[in-house]
Amino acid sequence: MAESSSPPAQAGLPPLHLLLALAVVAVWGTNFVVIRVALDDLPPLLFAALRFTFAFLPAAFFIRRPAVRWQALAAYGVLIGFGQFGLLYIAMRSDISPGLASLVVQSQVFFTIGLAMYFGRERLQSFQIAALLLATAGIVVILAHTDGSTTPLGLGLVLIAAMSWGIGNHVARTSGTSDMLSFVVWSSLFSVPPLIIGSLLFEGPASIGAALARADTATWAAVLWQSVGNTLFGYAAWGWLLARHPAATITPSALLVPVFGMASSAILLGEGLPDWKLLAAALVMGGLAINVLWPLAASHILRRR
C-alpha cells in the first residue's frame, strides 16, 4: 500500500471517500471467492500467470515505470507473483477454503513487523507481543480443526504466501517508491516468467491447453477481476485515498478484508462458519486490530494531554 508524504490531518473521511475505501476492501475481500471460482477451470500457476500478464499489459503503456532499481521490481514481482499468489492459488484449489485463506494470509502483518525488527533494529513492543500471541492462537485453532476443506498443507502454503507478502512489503518500502500502483504494475513483468515456467513444469502443456480451451466468459471475467479490479482499481484507489488523508485514517479499514472474505465465501459458496472458525477469526482479527489500532489510540491520548 502506498504511503503519502504529508496529507492534511482531519477527523474522518468524507462520505464519498469512506465509500471508496469500503469499495476497495470489499473488492480485496470478495476477491477470494473469485479466485475459488476461476480455479475450477484454470490450474493455479497458469491462473496466476494470466493475472499478472493482464496487470502489466496494457497498463504499462499508460503508467510510467517508477524511479526505482530494476532489482527491486524483480524481487517484488517474484515474491508477490509466485511466492504470494502462486502458492495461495495452489492452496485454494483444494486445501483451504476461501474464507480461511482471506483470514490466514493477513498474518503477513506479523512477518512485516518481524522484518522491520530484524533490518531496522526495531524493538518488539508489548502490544505487538499481545497481538502476535492472539493471532498465533487463532492459527493454532485452525490447525487443530483441519478437515477436508482445510488441510495442514493448505494452511502451511498460505502462511508461506503471507511470509512472501511480508518480504515483498519490505522490498517495496526500502525501494523508496511513492507510487505503489506503478510499482505493482511494472513488477508484474517479473511475476509472469516464473509462473509460466512453473505452470509448464508442474501443470504441463496438455493441462494448460485444455484449461484455455474450456475457459468460458466467467473464467476470463475472474482473471480480469484479479488484474483490473483487485490490482489496478484497488491500488489506484487506495493510493488516491492515502494521498489525501493520513495513513492512520485509511489503514484501519483494511481490517475489513477478512470480514468481506469470510462473509462472501459463506454467502456465495456456502462455506460453513462453525464455532471454531468464528473463534479463530476473532483471535486473528483481534491480533490484527491490536497491532493497527493500539498505536493510533496511544497517539490520540498523547495529543490530548
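Residues numbered from 1 in each chain as written. Predicted model: local features only at pLDDT ≥ 70, side-chain atom pairs only at ≥ 80, totals over all residues. Heavy atoms only, no water.

Asks: What should I look at first to understand the packing of aromatic side chains in this one?
Replies: Centre distance and the angle of the planes are the two values used to describe a pair of aromatic rings. Scanning all chains against the criterion turns up 10 aromatic pairs. Judged by centre distance (4.9 Å) and plane angle (65 degrees), the rings of Y76 and F183 are edge-to-face. Within this pair, whereas Y76 is found in helix α3 (residues 70-94), its partner F183 is found in helix α8 (residues 180-203), the two being separated by 107 residues in sequence. As far as the burial class goes, Y76 and F183 line up, both buried. Seen in terms of ring centroids, F127 and W294 are 6.4 Å apart; in terms of plane orientation they differ by 10 degrees. Their pairing is stacked. Taken as a pair, F127 in helix α6 (residues 126-144) and W294 in helix α13 (residues 275-304) lie far apart in primary sequence, 167 residues in all. W294 gets classed as exposed once you look at its relative accessible area, which sits at 51%. If you follow R51 out to its NZ or CZ, it ends over the ring of F52, 5.0 Å from the centre. (Phe/Tyr/Trp six-rings, centres within 6.5 Å; stacked < 30°, edge-to-face > 60°. Helix = DSSP H or I, 4+ residues; strand = E, 2+ residues; numbered from the N terminus. Buried < 20%, exposed > 50% of the residue type's maximum accessible area, 1.4 Å probe, protein only. Lys NZ or Arg CZ within 6 Å of the ring centre and 35° of its normal.)

Asks: What exactly am I supposed to notice about helix α10 (residues 217-242) here?
Replies: Along its length, α10 shows its largest kink, about 35 degrees, at W225. N-capping of α10 is provided by D216, with a side-chain oxygen placed 3.2 Å from the backbone N of A218. (Bend = angle between axes of the 7 residues up to and from the residue. Polar contact = N/O pair within 3.5 Å; in protein donor to acceptor, adjacent residues only side chain to side chain.)

Asks: Which parts of the structure should I look at to understand α8?
Replies: Considering bend angle alone, the principal kink of α8 is centred on L189 and spans about 30 degrees; proline P193 follows within four residues of it. In this structure D179 caps α8, since a side-chain oxygen of it lies 3.3 Å from the backbone nitrogen of L181. At the C-terminal side of α8, G204 shows a positive phi close to 90 degrees.

Asks: Hey, could you run me through unusual backbone geometry in this one?
Replies: The general pattern is negative phi for most residues beyond glycine and trans for most peptide bonds. Put simply, L57 and P58 share a cis peptide bond, and its omega is 0 degrees. The residue P58 is located in the loop between α2 (44-56) and α3 in this model.

Asks: Can you walk me through the packing of α2 against α10 in this structure?
Replies: Helix packing geometry: the angle between the two helix axes and the distance between the axes. The contact between α2 and α10 brings their axes to 9 Å, and the two run at 50 degrees. Compared by their axis directions, α2 and α10 come out oblique. For the pair α2 and α10, the crossing hand works out as right-handed. When α2 is examined against α10, the residues F47, L50, R51, F54 and A55 are found in contact with a partner set consisting of W220, V223, L224, Q226, S227, N230, T231 and L232. The residue inventory of the contact of α2 with α10, partitioned by class, reads eight nonpolar, four polar and one charged. (Axes fitted to C-alpha atoms, helices over the stretch in contact; angles between N-to-C directions. Parallel < 35°, antiparallel > 145°, perpendicular 65-115°, else oblique. Left-handed = near helix turned anticlockwise from the far one by under 90°. Contact = heavy atoms within 4.5 Å. Nonpolar A, V, L, I, M, F, W, Y, C, P; charged D, E, K, R; others polar.)

Asks: In this structure, what is going on with the nonpolar core? I would like to understand it.
Replies: Across soluble globular proteins, you tend to see nonpolar side chains buried next to one another. Ranked by internal contacts, the top residues of the largest apolar core, which has 76 residues, are Y76 and L88. With 11 residues, α3 is the single largest residue contributor to this core. In this structure, L88 is in contact with F32, I35, A101, V158 and A161, ignoring residues within four places of it in sequence. Formed by 12 residues, the second largest nonpolar core is a distinct cluster that contains W28, W238, L241 and I250. (Core = buried A, V, L, I, M, F, W, Y, C linked by side-chain atoms within 4.5 Å.)

Asks: I tried to follow the confidence of the model for the protein on my own but got confused; where do I start?
Replies: Fine structural detail should not be taken from predicted coordinates in areas where pLDDT scores are low. The share of residues in the protein with pLDDT of 70 or more is 91%, and the mean pLDDT across the chain is 87. The spread of mean pLDDT over the elements of the protein runs between helix α11 (residues 247-250), the lowest at 71, and α2, the highest at 96. Below a pLDDT of 50 lies the segment residues 1-11, which in the model reaches 28 contacts outside its immediate sequence neighbourhood of four places, other chains included. (pLDDT = per-residue confidence, 0-100.)

Asks: It is not clear to me how the pattern of salt bridges should be interpreted in this structure. Could you clarify?
Replies: Between side chains of opposite charge, a pair can form as their charged atoms come close. Taken as a whole and judged by the stated rule, the model has two salt bridges. Close ionic contact of R36 with D40 constitutes a salt bridge, the shortest N to O distance being 2.6 Å. Here R36 falls in the buried class, since its relative accessible area comes to 15%. Using a relative accessible area of 53% as the deciding quantity, one classes D40 as exposed. For K277, the salt bridge identified is with E271, shortest N-O distance 3.0 Å. The class of K277 is buried, set by a relative accessible area of 3%. With relative accessibility at 11%, the residue E271 sits in the buried group. (Salt bridge = Lys/Arg side-chain N within 4 Å of Asp/Glu carboxyl O.)

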